[in-house]
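Residue-level listing of the chains:
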Amino acid sequence: MSDSIRLHPSWREPLADVFAAPFMAELRTFLMAERAAGKRIFPAASHWFRALDLTPLGNVRVVILGQDPYHGEGQAHGLCFSVPPGERIPPSLRNIYAEIAQDLGIPPARHGCLEHWAGQGVLLLNSVLTVEMASPASHAGRGWETFTDAVIRLVDAQPDPVVFLLWGAYAQRKAAFVDPARHLVLKAAHPSPLSAHNGFFGCRHFSQANAFLQAHGRAPIDWALPAG
């Protein structure tokens, strides 16, 4: 898998042993068998590691964790909560925009592409990096979780402090080992319409993230997205 993936060089050496591990070979075999069986897998293979390709390891300032990719046609492109330009903005992302508007006064974007955040050091990482079309969580338990745990551990070990935005119980369990003495760990309900009113709205995570970064000599994130 590691020979042909698109991945920023800053991640390749630190993850070399992970890519060489038996569980990754098993994961590759599973994915190849699924494709051979005619199943459609999202996102496209070239975007499986897009979060790591767009956000170099040393540039990570904020981590946002998702669960698995969108499973609808044309939605997933390798960044959690994000969709390509021209795709309808998903409900959870609309709620994220609403909280940013309330917190920072930034009007909601009219598109759902978050590459602008990724380019500034926001690691938009799903726990599971692939999914079968129309079958949410279909690739859970196949090895991706171990891989993304390794990614989070690398970020946790970086010398500069990072902000972890953990929305919902799944993300909070996923990053339970992050050192809160070194990094800022912010927790809230998931932005899904089912739970956003239970503590996501009003969490003010975006202003808190920027205040922490600036207090530690790091540039804040420009949460305003360019017109798309």
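Heads up: the structure comes first, above all this text.
A brief structural summary. Chains are numbered independently. Their residues run from 1 in the order of the written sequence. For a predicted model such as this one, the threshold for reporting local features is a pLDDT of at least 70, and the threshold for listing and counting side-chain atom pairs is 80 or more; totals across whole chains, interfaces and linings nevertheless cover every residue. Processing note: side-chain calculations cover all non-hydrogen atoms of the structure and skip hydrogens and water entirely.

### Here we look at the sheet that holds strand β5 (residues 163-167)
A strand pair is defined by DSSP finding two or more bridges across the two strands. Each helix is a run of DSSP H or I of at least 4 residues and each strand a run of E of at least 2, with the numbering of both proceeding from the N terminus. If you walk across this open sheet you meet the 4 strands as β3-β2-β5-β6, and the pairing is parallel. Lying at the two open borders of the sheet, with one neighbouring strand each, are β3 (122-126) and β6 (184-188). Averaged over all pairs of adjacent strands, the angle between strand axes in this sheet comes to 20 degrees, irrespective of strand direction. Pairing of β5 with β6 involves 5 bridges; the strand directions are parallel. Across the sheet, residue W167 finds its bridge partner in β6, namely A188. Here an axis means a line fitted to C-alpha atoms, over the contact stretch when the element is a helix, while the angle between two N-to-C directions is reported on a 0 to 180 degree scale.

### A look at helix α9 (residues 205-215)
Within α9, the full set of buried residues consists of H205, F206, A209, N210, F212 and L213. Seen along its axis, α9 keeps its buried residues to an arc of 160 degrees; they face one direction. Pointing more than 90 degrees away from the buried face of α9 are the exposed residues Q214 and A215. Buried residues along α9 sit in contact with β2 (62-66), α5 (91-104), β5 and β6. For each residue, the accessible area found with a 1.4 Å probe, counting protein chains only, is set against the maximum for its type, and the residue is called buried under 20%, exposed over 50%, and partly exposed in between. Throughout, the arc means the angular range of directions from the helix axis out to the C-beta atoms. Contact between two residues is taken to exist if any of their heavy atoms lie within 4.5 Å; hydrogens are not considered.

### What to know about the pairing of β2
A large share of β2 lies buried, amounting to 5 of its 5 residues. What you see with β2 is no split at all: V62, I64 and G66 on one side and V63 and L65 on the other are buried throughout. The pairing of β2 with β3 spans 5 bridges and is classified as parallel. Each bridged residue has a counterpart across the sheet, and for V62 the counterpart in β3 is V122. Bridge count for β2 against β5 is 3 bridges, and the pairing is parallel. Across the sheet, residue V62 finds its bridge partner in β5, namely V163.

### Structural notes on the packing of helix α3 (residues 22-36) against helix α7 (residues 144-156)
Where α3 meets α7, the axes come as close as 9 Å, and the angle between the chain directions of the two elements is 130 degrees. Relative to α7, α3 is oriented oblique. Read as a crossing pair, α3 and α7 show a hand that is left-handed. Side by side, α3 and α7 meet where F23, M24, L27 and L31 of the first sit next to W144, T146 and F147 of the second. Each residue gets one label: Ala, Val, Leu, Ile, Met, Phe, Trp, Tyr, Cys and Pro are nonpolar, Asp, Glu, Lys and Arg are charged, and the others, such as Gly, are polar. Split into classes, the residues belonging to the contact of α3 with α7 amount to 6 nonpolar, 1 polar and no charged. Angle categories are assigned with fixed cut-offs, so that under 35 degrees is roughly parallel, over 145 is roughly antiparallel, 65 to 115 is roughly perpendicular, and the rest are oblique. Two helices crossing with the near one rotated counterclockwise from the far one by less than a right angle form a left-handed crossing, whereas a clockwise rotation gives a right-handed crossing.

### Considerations on the nonpolar core
We call a set of buried residues a nonpolar core when its members are Ala, Val, Leu, Ile, Met, Phe, Trp, Tyr or Cys and they connect through side-chain atoms within 4.5 Å of each other. Core analysis: the biggest nonpolar cluster contains 72 residues, and W11, I64, F147 and W223 have the highest contact counts within it. Ranked by residues supplied to this core, first place goes to α7 with 7 residues.

### Comments concerning the packing of aromatic side chains
The rule is short: rings of Phe, Tyr and Trp, with Trp giving its six-membered ring, pair when the centres are within 6.5 Å, and they are stacked under 30 degrees, edge-to-face over 60, tilted in between. This model, assessed by the stated rule, comprises 12 aromatic pairs. Centroid distance F206 to W223: 4.9 Å. Interplanar angle 80 degrees. Geometry classified as edge-to-face. One end of the pair, F206, is in helix α9; the other, W223, is in the segment after α9, with 17 residues separating them in the sequence. The same class applies to F206 as to W223, namely buried. Taken together, the ring pairs connect F81, W117, W167, F200, F201, F206 and W223 into an aromatic cluster. Comment: the charge-over-ring label is applied if NZ (Lys) or CZ (Arg) is within 6 Å of the ring centre and within 35 degrees of the ring normal. Sitting over the ring of F177, R153 keeps its end group 3.9 Å from the ring centre.

### Considerations on the pattern of salt bridges
For salt bridges, the criterion is a side-chain nitrogen of Lys or Arg within 4 Å of an Asp or Glu carboxyl oxygen. Taken as a whole and assessed by the stated rule, the structure comprises 5 salt bridges. With a closest N to O distance of 3.1 Å, E115 and R50 form a salt bridge. Residue E115 is found in helix α6 (residues 115-118), and its partner R50 is found in helix α4 (residues 50-54); the two are separated by 65 residues along the sequence. Take E115: its relative accessible area is 30%, and that puts it in the partly exposed class. Overall, R50 belongs to the buried group, its relative accessible area being 13%.

### Here's the deal with unusual backbone geometry
Residues apart from glycine generally show negative phi values, whereas peptide bonds are mostly found in trans. Cis geometry marks the peptide bond from F42 to P43; its omega dihedral reads -10 degrees. Assignment of secondary structure puts P43 in the loop between β1 (41-42) and α4. Residue R204 is not a glycine yet carries a positive backbone phi of 55 degrees. Residue classification places R204 among the partly exposed positions, given a relative accessible area of 39%.

None of the figures reported here should be taken as evidence of function without further support.
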